[in-house]
Each structure stands twice: as structure tokens, then as C-alpha cells.
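Summary of structural features
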Amino acid sequence: MELCITSSTKILNLNPINRTEVLFSVSPKNSALQFKNQIYFNSDKLSSSSRQFHFHLQQTQIHRSPFRVSASASSSVALGPEKDRLPADIEVTETEEPNSRVRLSVVVPPAVCEDCYKRVINELTKQAKIPGFRPGKKVPESIILSYAGKQNVQKATVESILKRTLPHAVSSVTGRALRDSVRIVTKFSEMEKNFSSLNSLSYDILVDVAPEVKWNPENGYKNLKIVVEIDSDIHAQRTAEQELTRRHKSLGSLKIVTDRGLQIGDVAVLDISATTIAEDESNVQKIPDAESRGFHFDTEDGDKVLPGFLDSIIGIQRGETRSFPLAFPESWRQEHLRGVQAQFTVECKELFYRDLPTLDDSLADKLLPGCTTLEQVKETLLQKCREVEQTAKEQATDNAILDQLRKMVEIDIPQSLFEEQGRQLYGAQLLQIQENMKLNEQQLATLSSPKAVKEYLESQRENITSVIKQNLAVGDIFKRENLQFSTEDLTKEVENSVAEFKQQKQEYDEDRVREQVQDILEGAKVLEWLREHAEIQYITR
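The name recorded for the chain in an unreviewed UniProt entry is Trigger factor, from Melia azedarach.

The structure is reproduced here in C-alpha cells:
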């Protein structure tokens, strides 16, 4: 079996890949986000190990970073894939700057400038139709300059110089440069003004390079000690029992209680309000988060509400109102309510009891289609809940590992990488909003404006930075530990994904599919390696 090892510098993708992923770019006209939907691949077709990794990580794509130059608008130069041979060597001085950025100061010698100038003149001679001269015949330089305009010739020459020298200038950062991060920062007008075919031409380039991952302590990822908190709600046995009870309830009917108060097992329709408790009545405030009208309260779910709430309303009758004090516990999910002393007022609007059928084998198929006995229903539900419990446990483990890795690395993150990751996170968020709310064009334009994007990047700086750190840390481990996955697995996963797209007649980019599948397989290998080498303790919260 052939092994696939990637050694080129890149930014590893640790994120789940949705079948519909948001792509967007900055429009040259107004710098607003431009959206389109493009299908990549179906993650459901991945093998169990890689799919597990895919579902565990809740982030959005960071692109790989193959070297590709995009000149600034002020000096728009298209670069060919190969370097043109120059009559003399250019001089390039490399200076490191903050945020993993490199400044390349380029000096183009007179010999190169003169050669580019002659090329422009020769090309103009071939193309120009000047009265008195047959096409292709030599035309005096002075006439060409007069015909084309000296300024236009200088502009064309500077563009030729940039086109021919840029590949040479950036060759020192090939393999390190991040995609679309190379910019000529010297103004084109300044280069044009200072140009002379007899003198040298200077210009500066800024390029973001793949950042170095520094571990603290060095190789600390090899001896991880992880404490994983497991939610008690995912306990398989208890969850299976609760699911059986829920299904049993769905087969019953609600009937109105007329001759008694609330009992365990009943369902009450309540109007609830609450205020803070204070000695000075002027300081009493309503608690909006605790208010509810027409709240359907199932007494068998009493452990899911505020401690003491159920006990305080037991016996309440239809039309009755009760008022009682309760304190929000320090572990309450809403931080601003933790420890708050509150006075609750509850009015019982309706009161029902459940009329349930006898729970026996006769209900098996209704409880779970295909089952013939109650015991079979219980075993099947328990098995499914165990699978959910295991998946949740693995996800919690991976999240804890990734969080630990993030804290152990120091990375000078390039601005271009930060903005790219942030825009992708924001784009995914906008797509979700669009799906849920069906925004019109004006609303979408507002949300995708440069101002909105900038505000998002600033407000989510910490989160975006964490995503990048996790991704780069995992990529560094894959490289350091020389981890491998089989080419056969990669090919199989790509083929499965492509087949799915074809079946559903959806567009896809096969190169992009392969790139993302590879990232997922790499990430899965790293997490698998880390789980094997880490000391992991599980606690229930």
C-alpha cells in the first residue's frame, strides 16, 4: 500500500466541510463580500475514522497556502508560471517584519531596465501602423515615442520590468508565501516617474509567509494531560430510559384535571414572572429571562428547571396563583443570573394528566418500528444511546485536546491569514442566517458590507485566532511525527464524494475535494496519535 506524505508548507484544515460551503471574495469595486454556493463533497461518505474527525471540529475552512502572487491594483502585473531569463541579476534584500511578514526590497539593474525598454519598443514597432512605414520595418525610436507617447512607453516598460522580475524577486519565499498575500507596496506612479532605461529601478514587496509554530514547552504535545468533562445528560442507560418514556408518552393522551391539584406526572400550562429581591422596593427589577406565558411544564422534567421550582408548585390548582422566593444556583447556565435571589409568581392556566396505554409487548412496533417485544425496544434504544454517548465522549476529548494545543503554541499570525479565516467564519454564519431567515438582497448587502465584516473580525478576534492556532498546531504535529495515511484511503474518499455529487447533479471542484479530504485525513491521524499518547481523565459534570 502506497503511503501519502505531505511535506509542502501549508495551512492545515481542521474544520468540518459542509456539502455547501460559502465562498466569497473582496470585490475590487466596493470591497464587499461576494457570495456564491459551491458544492465540495459529502462528508457522509467518509470512512468512520475520518468522518469522526470531520464531525468533531466545529470550525470553518482555512485555505492551503501554495505560492501565488497577486499584484496590487496600483501595479497590476500578471505573473507567468516560469521565470523569464534576465540579462543581469536583480538585487533582493529580505527583511523580516511583525506578523510573519517579509519585506523584499528589489533593485533592478540598468541592464534589465534597458532590455525591457527595447522589448517594448520592438513590440510597438511590430504593432504600430505608422504612415510611411511598412508593417514590420524598423521605425526610428523617436517616431515610435512620438506615435505611442513617451508616458505610455514608460508605463509599458515599468509593467514589463515588474512582470519579468517579480518571479525572481519572490523566489526566496516560494513555498512559504501565503496565497494572495504578495503585494507591491511601491506606488506605480512613483516607479513610472523615477524610471529611466539607463538607471536602476527599485520597488518594495510585502508578503505574508507561513508562520513558525513555537511550542511551550518544546514537544509538550507528546505528554498531554487532559481532563475531559462529560455531560451527565449523555449517560447511555439513563438517556435510553428517558427516550423510552418519551415515546410512551407520545402514545398517550392528555386529559383535563378537574378535582385536584398538580401531581408528579401531570402537565401544567403556566404563566411565570419573576423579580429580584431587594430590601428597598425601588431597587426591585423584573427578570425578563425568567418570564414565560403559556409555558407547558411537564412535572417529570422537574429536574431540568430551577431547583425548588417543582416543589413550590406541587398541589397548585387550575386558576390558582402562587408566589415564592428561589435562588438561582451558582452553576446556572446564564452567568448574569447566578446567585440572584428572585421572587417568582406562577399562575396555573390549565392542568392535565396523561392517560397512557399499558407498557408491554403490544406497543413494541409503535414505540420503535420493526421491534416485536418491549425488551427488543429497550436494547435497541440502549445501543443507539451508547453510540451517541461514545461519539459525544470522543468529541469532548478531541475538543479538550485542541484547546490544550492552542494554549501551548506561540504563533505570529499573518494578517492575511487572520482575515481569510475570519471572512470564512463570517461567510458561514451569513449562509446560516440566510437559510433560516431568507434575507432579501438589501439585508444581505448590509450584512456583507466592508463595515459589517470589519466589525465581525474585531469582535471575534480571539475566536478566529484560536481556530488558526489549533489548525497550525495540528499541521505541525503531522509534519513533526511524520504521520501518514494511505493513498488508497485518499483516493477512495475522493471518489465517494465525487460520485455523490454526480448522483445529485451538483457542481464540485475535484481538486478542492481532494485538498479538503486530505486535510481531514491528516487531522484525523493527528488526533488519533494524540489520544494514544495523552493521559486522559474523564469527569462527569
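Thoughts on the nonpolar core
Grouped together as the largest cluster of nonpolar side chains are 49 residues, with contacts concentrated most on Trp215, Leu224, Leu405 and Leu530. Examining the composition of this core, we find that 8 residues originate from one element, helix H13 (residues 461-480), more than from any other. Once you skip the residues sitting within four places of it in the chain, leucine 224 turns out to touch Ile401, Gln404, Leu405, Met408, Leu530, Ala534 and Glu535. Ranked by size, the runner-up nonpolar core spans 27 residues in total, among them Val102, Val158, Val182 and Ile184.

What about the side chain of threonine 397?
The residue threonine 397 is located in helix H9 (residues 374-408) in this model. Engagement of the side chain of threonine 397 in a polar contact is seen with the backbone oxygen of lysine 393, the distance being 2.7 Å. Among the polar contacts listed, one links the side chain of threonine 397 to the side chain of tyrosine 538, at a separation of 2.9 Å.

Here's the deal with the pattern of salt bridges
In a structure, side chains of opposite charge can pair up when their charged atoms sit close to one another. Taken as a whole, this structure holds 28 salt bridges when the rule is applied. Between arginine 247 and glutamate 243 there is a salt bridge whose closest N-O contact spans 2.7 Å. You can see arginine 247 and its partner glutamate 243 sitting in helix H6 (residues 236-250), 4 residues apart, about one turn around the helix. Take arginine 247 and glutamate 243: they sit in the same class, and that class is buried. Between aspartate 266 and arginine 260 there is a salt bridge, and its shortest N-O distance comes to 2.6 Å.

What about the sheet that holds strand E5 (residues 101-108)?
Taken in spatial order, the 4 strands line up as E4-E5-E7-E6 in an open sheet, and their pairing is antiparallel. Edge positions in the open sheet fall to strand E4 (91-97) and strand E6 (183-184), since each of these has one partner strand only. Sheet analysis places E5 next to strand E7 (residues 201-208), joined by 8 bridges and oriented antiparallel. What sits directly across from valine 108, in E7, is leucine 201.

Focus on unusual backbone geometry
The linkage connecting asparagine 216 with the following residue, proline 217, adopts the cis geometry, with an omega of 5°. Relative to the helices and strands, proline 217 is located in the loop between strand E8 (213-215) and strand E9 (225-230). One non-glycine residue, asparagine 219, lies in the positive phi region at around 60°.

A few points about H13
With 20 residues, H13 should reach 28 Å at 1.5 Å per residue; the first-to-last C-alpha distance of 28 Å fits that figure. Among the residues making up H13, those that are buried are Ile464, Ser466, Val467, Ile468, Gln470, Asn471, Leu472, Ala473, Val474, Asp476, Ile477 and Phe478. Phi turns positive, to about 55°, at asparagine 482, one or two residues after H13.

Focus: the environment of aspartate 301
Summarising the element assignment, aspartate 301 is placed in the loop between strand E12 (292-298) and helix H7 (309-313). Of the residues examined, aspartate 301 reaches a relative accessible area of 30% and is grouped as partly exposed. For the pair aspartate 301 and isoleucine 264, spaced 37 residues apart in the sequence, the C-alpha separation amounts to 9.6 Å.

Reading the values: rules and limits
Residues numbered from 1 in each chain as written. Predicted model: local features only at pLDDT ≥ 70, side-chain atom pairs only at ≥ 80, totals over all residues. Heavy atoms only, no water. Core = buried A, V, L, I, M, F, W, Y, C linked by side-chain atoms within 4.5 Å. Buried < 20%, exposed > 50% of the residue type's maximum accessible area, 1.4 Å probe, protein only. Helix = DSSP H or I, 4+ residues; strand = E, 2+ residues; numbered from the N terminus. Contact = heavy atoms within 4.5 Å. Polar contact = N/O pair within 3.5 Å; in protein donor to acceptor, adjacent residues only side chain to side chain. Salt bridge = Lys/Arg side-chain N within 4 Å of Asp/Glu carboxyl O. Pairing = 2+ DSSP bridges. Expected span 1.5 Å × (residues − 1).

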